Amino acid sequence: MSTHASNTRSESTANPSAQLDVLGDDCARTILVATSDGPKTAKELTERTDSSSATVYRRINNLLESDLLAECVRFDDDGSHTTAYEATVDLLQVRIAADGIDVAVSDGEE
């Protein structure tokens, strides 16, 4: 089965504090790792995390709001399609200084 993904991500409005908060959750980190090698459906992520589908959807929403995950449409060869999610970050750097904490994310394409 061959799939193609169409990304529907909008411009980043992420709050660095929210990004750190969401990464404090084991389920969210598992989702981010699972989606780093390509789009996964919520069902696939539920199986991967051993969490309830409600928990997975809450973590997906948190990751989407933090711009660490993007929603896309996955098209299969037979013409069917489904919503899938893909990590938008390959590298996250945290800088702690006298003026506060700064979070820098990179998608690896720079």
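Higher on the page you've got the structure.
Residues numbered from 1 in each chain as written. Predicted model: local features only at pLDDT ≥ 70, side-chain atom pairs only at ≥ 80, totals over all residues. Heavy atoms only, no water.

Asks: I'd like a rundown of the nonpolar core, residues and numbers included.
Replies: One finds Ile-31, Leu-32, Leu-45, Ile-60, Leu-63 and Leu-68 to be the most contacted residues of the largest nonpolar core, which totals 17 residues. Mapped by element, the contributors of at least two residues to this core are helix H1 (16–23), helix H2 (26–34), helix H3 (42–49), helix H4 (53–65) and strand E3 (81–87). Here this core takes 5 residues from H2, the largest share from any one element. Excluding residues that lie within four positions of it along the chain, Leu-68 makes contacts with Gln-19, Val-22, Leu-23, Leu-32, Leu-63, Glu-86, Ala-87, Thr-88, Val-89, Leu-92 and Val-105. (Core = buried A, V, L, I, M, F, W, Y, C linked by side-chain atoms within 4.5 Å. Buried < 20%, exposed > 50% of the residue type's maximum accessible area, 1.4 Å probe, protein only. Helix = DSSP H or I, 4+ residues; strand = E, 2+ residues; numbered from the N terminus. Contact = heavy atoms within 4.5 Å.)

Asks: Requested: an account of unusual backbone geometry, with residues and values cited.
Replies: At Asp-50, a residue that is not glycine, the phi angle is positive and equals roughly 60°. With respect to the secondary-structure elements, Asp-50 resides in the loop between H3 and H4. Here Asp-67, not a glycine, exhibits a phi torsion of approximately 60°, which is positive. By secondary structure assignment, the location of Asp-67 is in the loop between H4 and strand E2 (69–76).

Asks: Give a description of the side chain of Gln-19 that names residues and reports values.
Replies: Along the chain, Gln-19 turns up in helix H1. For Gln-19, the side chain forms a polar contact with the main-chain oxygen of Ser-66, separated by 3.0 Å. (Polar contact = N/O pair within 3.5 Å; in protein donor to acceptor, adjacent residues only side chain to side chain.)

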